[in-house]
Each structure stands twice: as C-alpha cells, then as structure tokens.
Amino acid sequence: MKTIGITGGVGAGKSKILAYIQTHCNCRILLADEAAHKVREPGNPCYNALVRLLGTDTLEEDGQINRQKMAAKIFADHKLLEAINAVIHPAVKAYILQEIEAEREAGKIDAFFVEAALLIEEGYGELLDELWYIFAQKEVRRKRLIQDRGYSEEKVEQIFASQLSEEEFRCHCKVVIDNSADLGDTYRQIDERLKEAGLSR
C-alpha cells in the first residue's frame, strides 16, 4: 500500500482533485481537518487538554467543543493558538499513522492519501512515501477564493502571506499537478501519475 500526501496553497483545487482520485484509484483519502475534528471529540486523548486550555465555556451541552467559540478565542490570542496547535498537531499525526497501519493490515486498498495544508511543516514528508503538490497560479487562486468563497482581497493576501512559497512546495514534493487551467488537463495529469505509480483502477 502506497502512502501519498496531497498539499498545496488555498484555492489550488485540492478537493476536486481528491474527488477524482477517489473514483479512479482503489484508495482511502483522509483529510487532516477531519482527523483534527475527530481528536477533539470527548473521549479522545487530547480532549481534556484542549478543554483545560479553552475553558468549559466553549463546550456544548453534549460536551463537544464549539468550533466557533474555539476559533474566536484562538483568533484573539496567538499564544493560545500555539498551545492548541501543540496539542492537536501531534494527536492528528498519531491518528493518521494509526489509520494507515490499520489499512495496511486490512490489505484491501492500493493507496492511502492524506490531505493537509501543513504536510510539509509538520514533517509528513518523512512519514509518507511521497508528497504531491497541487499547484495553481496565484491569480487563478485569488479569483477562485474571491468568486467561490466570497473572500476579500485583504483576506486572500493574508492567507497567501501565511502559506509556504511555491518554491518551498516544489522543493519538498515529488509530484506537481498543475491545476491552473481546465479540469480536463488536470485529470489527464492525475491519470498519468496514477498509471506511473501502478494505482489506476
């Protein structure tokens, strides 16, 4: 079973690409955001630490951590954000590795794809077989974020400034998929990569 990390800047179109891969490869796709949601649930190892940091006023009646209240608190306090990340990121990584091992033992899939914005920063390059960079030109991404998500120019610039540069992504990733043009061209590139890796259905 091959393990592949999918990363790229916001607005690069990772979701559509993952949806295509899902239907053209015998694989499982795990989103780091979903894993982060999972490890925040009551009963999971880092739940109590998060509640201690955030306070019980962020909890719903059923004990779940309210995402909006959590976001508001960490947006206003950079040190709290760092403390929360120091709890969540290792827990997410442990959860992903556990799921990879479970799938490896089950032996039913050919590939396990992990999607995360911080794959490179969090050292997943050493844990996975290879990383794929979903690239799209900056102006294309800007247009998508403004038109599709309703982001302001200012918000787009803030996001761009907080993410790795194109050079850094390319430096760490074995495969680059250019998703700047039409999806047909993107899907052709993916078909080629899956075929090269022996992962085509």
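Every value quoted in this text rests on a predicted model; they were computed, and no experiment measured them.

(A) Highlighting the pattern of salt bridges. Following the criterion strictly, the structure yields 13 salt bridges and no others. In this structure, Glu153 and Arg142 form a salt bridge, with 3.6 Å as the shortest nitrogen-oxygen distance. Taken together, the residues span a long stretch of sequence, with Glu153 in helix H7 (residues 153-162) and Arg142 in helix H6 (residues 138-149) at a distance of eleven residues. Residue classification places Glu153 among the partly exposed residues on the basis of a relative accessible area of 48%.

(B) Broad picture of the sheet that holds strand S2 (residues 27-31). Overall, parallel pairing links the five strands, which are arranged S2-S3-S1-S4-S5 in an open sheet. A single partner strand is all that each edge strand has here, and the edge strands are S2 and strand S5 (175-178). Going across the sheet, the axis of each strand differs from the next one's by a mean of 20°, ignoring polarity. When strand S4 (residues 130-135) meets S5, the two strands line up parallel, connected through four bridges. Bridging across to S5, Trp132 finds its partner in Val175. Of the strands in this sheet, S2 and strand S3 (111-115) touch helix H2 (residues 32-39), which is tilted by about 65° from S2.

(C) Spatial organisation of the nonpolar core. Leu54, Ile84, Val92 and Ile96 are the most contacted members of the largest nonpolar core, which totals 34 residues. For this core, the secondary structure elements donating two or more residues are H2, helix H3 (47-54), helix H4 (67-76), helix H5 (78-106), S3 and S4. By size, the runner-up hydrophobic cluster in this structure holds 20 residues, among which are Ile4, Ala12, Tyr20 and Ala111.

(D) Representation of the packing of aromatic side chains. Taken as a whole, this structure holds four aromatic pairs when the rule is applied. When the ring of Tyr20 is compared with that of Tyr187, the centres are 4.0 Å apart and the planes differ by 5°; the resulting orientation is stacked. Here Tyr20 is found in helix H1 (residues 14-24), whereas its partner Tyr187 is found in helix H9 (residues 183-196), with 167 residues between them in sequence. For Tyr20, a relative accessible area of 12% corresponds to the buried category. Ring geometry for Phe113 and Trp132: centres 5.7 Å apart, planes at 80°, overall edge-to-face. Of this pair, Phe113 sits in strand S3 while Trp132 sits in strand S4; the two residues are 19 residues apart in sequence, bridging distant segments of the chain. The class for Trp132 is buried, based on a relative accessible area of 1%. Of the aromatic side chains, those joined through ring pairs into one cluster are Tyr133, Phe135 and Phe169.

(E) Main features of H6. Here H6 spans 16 Å end to end across twelve residues, near enough to the 16 Å set by a 1.5 Å rise per residue. Residues of H6 that are buried: Arg141, Arg142 and Leu145. Around the axis of H6, the buried residues are gathered within 105° of arc, so they sit on the same side. Of the exposed residues in H6, those oriented more than 90 degrees away from the buried face are Glu139, Lys143, Gln147 and Asp148. Structurally, H6 contributes buried residues whose contacts are with H7. Trailing H6 by a residue or two, Gly150 shows a phi angle of about 75°, which is positive.

(F) Region of the structure containing H1. All buried positions along H1 are accounted for by Lys14, Ile17, Leu18, Tyr20 and Ile21. End-on view of H1: buried residues confined to an arc of 160°, all on one side of the axis. Those residues of H1 that are exposed and aimed more than 90 degrees away from the buried face are Ser15 and Lys16. Of the surrounding elements, those touching the buried residues of H1 are strand S1 (2-7), S2, S3, S4, S5 and H9.

Calculation criteria
Residues numbered from 1 in each chain as written. Predicted model: local features only at pLDDT ≥ 70, side-chain atom pairs only at ≥ 80, totals over all residues. Heavy atoms only, no water. Salt bridge = Lys/Arg side-chain N within 4 Å of Asp/Glu carboxyl O. Helix = DSSP H or I, 4+ residues; strand = E, 2+ residues; numbered from the N terminus. Buried < 20%, exposed > 50% of the residue type's maximum accessible area, 1.4 Å probe, protein only. Pairing = 2+ DSSP bridges. Axes fitted to C-alpha atoms, helices over the stretch in contact; angles between N-to-C directions. Contact = heavy atoms within 4.5 Å. Core = buried A, V, L, I, M, F, W, Y, C linked by side-chain atoms within 4.5 Å. Phe/Tyr/Trp six-rings, centres within 6.5 Å; stacked < 30°, edge-to-face > 60°. Expected span 1.5 Å × (residues − 1). Arc of directions from axis to C-beta.

Take it as geometry only, folks, not as evidence of what the structure does.
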